Structures are given as structure tokens and as C-alpha cells.
Amino acid sequence: MKYHPIDRNLFIKNRKNFTAQMQPKSLAVFNSNDIYPIGADSTIPFEQARDLFYLSGVDQDKSILVLFPDAPNEKHREMLFLTETNDHIAVWEGEKLTKEKAFEVSGIKNVFWLKDFEKIFFEVMTQADTVYFNTNEHYRANVETETREDRFIKWCKEQYPAHRVAKSNPILQKLRSVKDPIELDLMQTACDITEKAFRRVLKFIKPGVWEYEIEAEYWHEMIRNRSRGFAYTPIIASGKNANVLHYIENNQQCKEGELILLDTGAEYANYSSDLSRTIPVSGRYTKRQKEVYNAVNRVKNEATKMLVPGTIWADYHVEVGKLMTSELLGLGLLDKADVQNEDPDWPAYKKYFMHGTSHHIGLDTHDYGLLYEPMEANMVFTVEPGIYLPDEGFGIRLEDDVVIQEKGEPFNLMRNIPIEADEIEEIMNS
């Protein structure tokens, strides 16, 4: 991988926190992602299953983690199963993790080769009553592909039908939502790479450039700073394209007088950043564009202050809606009658701001987190209000990633990334 080695104490601590919540005489299994095919002999670049990475730091395909804290044999309490490396693999793919290197990465002493998995797994299953399966229960999950984890669960149920089954996901949703200081440092690095890329494109953009050329500038700066690239498919939406919330074609020419909505965060060490900025192609906002821009920025600043321990996600969004309603009234986009006659299930402001304001972020861009539980210190959220005006030919979204603190306002991981309209104009024209 391109990133610097991660302190294995993070993964040791994560496993300790997970196993502390397991039932007696139970074991948990976590499988890596597959390498997914494109066609012929082509494949999509490998990305590790985030839960396996969270618990082990192993960033390699065909990997299995087994946790069995009550195992009679101490060697079976934490086990990694990996592909056995050899000279042929080293020549064609590059050397895989050795047992020694796997220990350095994960802190797991007991590393076995995959060929021994079924034999050892049979032994430990005779000693366990419950097996934890790792299913994806994220509130936005919509998975049509059968994963390596799915195939394992199917196999395990057939081979061991008498065992009780439990779920890893509720434990991981809670654990992963609260970040360790090491994780916060990794996320700060991702945000710092995003800053470098954003400053690069500020100097690059001018009338006549194409959206895909801007995307290429981002790629260059991200990769040269040890990122794998974008944490998610980038949105580079000029003019009216900004009113398509998930516009990813990035194939239009940027014209004088237009705005460009850039939703473009880097990943680092599998951790995500998520940035949105909206900038003028010509280097100057019009009076109207700046009015709307500053309104969005005010909503973002006030919404950020609400992210404190104890806040409930749903209540927070109601309060942000009130802020946005006030700004839309000031811009003349809503009038008092619109608000008085609004549908409580789809308030008037939703005509111009139809998406959520915040989501958890971490190993996934839309990270794990139980939205019905109160917010806690060291959770990381995006803050991303927007106003979308198709009739006026532009849309504006502004977004930062912030860490909830024990007391006071959140800490902004993107505090150094230009956001004030005047600062953006100054950089673009310097």
C-alpha cells in the first residue's frame, strides 16, 4: 500500500473492544473482500472489507480473521488465515504478507495459511456454542453482489447447523462510530491531502476547462501524496449540473460566469475525507451567487455548532431545516405563506435543500453509526448544507468534516481548506 505503516496498537485495541462484547463460548469470523471481475482477465482494484481492516490492519485479499476469546487453546483466541506466499506469487503479484509481517501489521501472533483453515475451524467450532456472522446492516446498504462473507456464512450454516448465530454488526456500528486518536490522525491526513488537491485546482480552473481535466488535477495531487485517490466517485459539476445531487459524468466544459460544485475527498489508509466547495469558473462570484453562497455558509457554521454530545441526529436535522428556512426567506426563494402552508413531512425548504446535512464518516464515506443513539465525543460527521437553483442555473453545497468534542464546538478537520468566498476569489486571482 502507499500509506505509511499504522500503529498496530489501534487494531489490538479494536479487537479487545469487540471481544469484550461477545457472548461466552462464542467466536466471530471476518472475511476479506473479493477481487471483483470486470471481464476477460480484468479486475477492479482491490479494496479491503472495512470491518476486517478495522480489526486487523490486514489489507490483503483472501484473508480471514477468527476471534475466539474463550478458546481452551490460547493459540486459537486470535487467528489470521492468509494466502501462503511463494516465489511464483512474488514474481507475478508481489510478495504477500509473511507470518512475521502479518504480526507487525496486526499484533496477532497466531497466523496460519488458508489451506489449514477448515481443519482448524472444525476444531474451534466443536468448542464454541455461538458464531458471530458479519453482515452489512448499514442504513444505506443496497448490495446485489454475493460477497466472500456471504459465501462463508452460507457454507458455515450448512456445515455447522446446530450452532447459535449472533450478529457482529451492531457491535461494530457502535465501536466504529467513535474514533480512536490514531484514526483521527489518519483522517486528518486524508483531509490534508484533500486540501492540497483543492488548492491545486483553484489555481487551475478558468473558463474553457473541462470537468474531467479538473478531475485529473485532483488525481495527480492525491496520488503523489500517498492516497489511492478519491474516497468516493467525485462530483465535478459545473453550471446546471450542480443540481443533480450525484452527478458523476464530469464531461462538460466549464463556461465563464458559471459555478462549479466540487464534491471531492481523498482517502488515506482506507479512511475517507468528504469535501464540498463551490467556486466560480471566472474567479469571481456574481452578486447573486455570493448571496446564496454566504447563506449556505451561514447554515453550515450554525449547524456545526449543534454537533455536541447528546444531540440526536433526527432532531438536529429539524433544527438545521429551521436555519435553512430563515435563509431562504431572506433570499426571496420562500415567502411566509410557503412556510405556513408547508407539509410537515416535506417542509418548504426541501424544494431547495432536499438532502441530509450530516452523516458519519470514517473507514467508509457514509460510515457506521447508530443514528437513533445520542452523538458522542470523537464521532466524526460531515456538515453539508446546500441550495440548488435549477431555474438560475447553479447549485451550491459546502461541506467539512468535523470531530465532536467533549465540550464546545466540534474540531474541524478541514479548518485549513479555503471556504470564505472572498478567500477563494483571492486565491483564484493571485
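Residues numbered from 1 in each chain as written. Predicted model: local features only at pLDDT ≥ 70, side-chain atom pairs only at ≥ 80, totals over all residues. Heavy atoms only, no water.

- Per an unreviewed UniProt entry, the protein goes by Xaa-Pro aminopeptidase and derives from Salinimicrobium gaetbulicola.
- Turning to the protein, the UniProt record has this under Cofactor (unreviewed entry): "Mn(2+)".
- Taken from UniProt, the Catalytic activity (unreviewed entry) comment for the protein reads in full: "Release of any N-terminal amino acid, including proline, that is linked to proline, even from a dipeptide or tripeptide." (UniProt positions renumbered as here; feature names shortened; annotations may be inferred.)

1. Considering the overall build of the protein
Here is step 1: Helix and strand counts for the protein come out as 13 helices and 18 strands.
Here is step 2: Here the protein has a C-alpha radius of gyration of 24 Å; the compact-globule value for 430 residues is 22 Å, and the two agree.
Here is step 3: Along the first, second and third principal axes, the C-alpha set of the protein runs to 70 × 50 × 40 Å.
Here is step 4: Here the protein holds 430 residues, and the buried ones make up 53% of them.
Here is step 5: Once local pairs closer than 6 in sequence are excluded, the contacts in the protein between residues at least 24 apart make up 71%.
Here is step 6: With an accessible surface of roughly 19900 Å², the protein has 50% of that area assigned to carbon and sulfur atoms.
Here is step 7: Of the side-chain charges in the protein, 51 are positive and 69 negative, and the distance between the mean point of each set is 3 Å. (Helix = DSSP H or I, 4+ residues; strand = E, 2+ residues; numbered from the N terminus. Rg over C-alpha atoms; globule rule 2.2 N^0.38 Å. Buried < 20%, exposed > 50% of the residue type's maximum accessible area, 1.4 Å probe, protein only. Contact = heavy atoms within 4.5 Å. Areas by Shrake-Rupley, 256 points an atom, 1.4 Å probe, with all protein chains shown as cover. Lys, Arg positive; Asp, Glu negative; His and termini not counted. Charge placed at Lys NZ, Arg CZ, Asp CG, Glu CD.)

2. Remarks on the pairing of strand E1 (residues 26–31)
Here is step 1: Most of E1 sits inside the fold, with 6 of its 6 residues counted as buried.
Here is step 2: The two faces of E1 match: Ser-26, Ala-28 and Phe-30 on one face and Leu-27, Val-29 and Asn-31 on the other face are all buried.
Here is step 3: Examined bridge by bridge, E1 and strand E7 (residues 130–133) share 3 bridges and lie parallel to one another. Residue pairing for E7: Leu-27 is matched across the bridge by Val-131.
Here is step 4: When E1 meets strand E4 (residues 64–67), the two strands line up antiparallel, connected through 4 bridges. Bridge pairing in E4 places Asn-31 opposite Ile-64. (Pairing = 2+ DSSP bridges.)

3. Regarding the pattern of salt bridges
Here is step 1: Counted under the stated rule, the structure contains 35 salt bridges.
Here is step 2: Close ionic contact of Glu-78 with Arg-15 constitutes a salt bridge, the shortest N to O distance being 2.9 Å. Of this pair, Glu-78 sits in strand E5 (residues 78–82) while Arg-15 sits in helix H1 (residues 9–19), and the two are 63 residues apart along the sequence.
Here is step 3: Assessed through its relative accessible area of 26%, Glu-78 is described here as partly exposed.
Here is step 4: Residue classification places Arg-15 among the buried residues on the basis of a relative accessible area of 1%.
Here is step 5: In this structure, Lys-300 engages Asp-400 in a salt bridge whose closest nitrogen and oxygen atoms are separated by 2.9 Å. Taken together, the positions of Lys-300 in helix H10 (residues 287–305) and Asp-400 in strand E17 (residues 400–403) put the pair 100 residues apart, joining distant regions of the chain. Each member of the pair, Lys-300 together with Asp-400, is buried.
Here is step 6: Through salt bridges with shared partners, a single network forms among Asp-51, Arg-176, Lys-179, Asp-364 and Asp-367. (Salt bridge = Lys/Arg side-chain N within 4 Å of Asp/Glu carboxyl O.)

4. Some words on the packing of aromatic side chains
Here is step 1: A full pass over the atoms with the stated rule returns 20 aromatic pairs.
Here is step 2: Measuring from centroid to centroid gives 6.4 Å for Phe-133 and Phe-152, while their planes differ by 80°, and the two rings are edge-to-face. With Phe-133 in strand E7 and Phe-152 in helix H6 (residues 148–159), this residue pair connects regions lying 19 residues apart in the sequence. With respect to burial, Phe-133 and Phe-152 carry one shared label: buried.
Here is step 3: Measuring from centroid to centroid gives 6.1 Å for Tyr-349 and Phe-353, while their planes differ by 40°, and the two rings are tilted.
Here is step 4: Cluster of aromatic residues (ring-pair linked, three or more members): Phe-81, Phe-112, Phe-117, Phe-121, Phe-133, Phe-152, Trp-155 and Tyr-160.
Here is step 5: Stacked on the ring of Tyr-368, the Lys or Arg Arg-176 has its end atom at 4.2 Å from the ring centre. (Phe/Tyr/Trp six-rings, centres within 6.5 Å; stacked < 30°, edge-to-face > 60°. Lys NZ or Arg CZ within 6 Å of the ring centre and 35° of its normal.)

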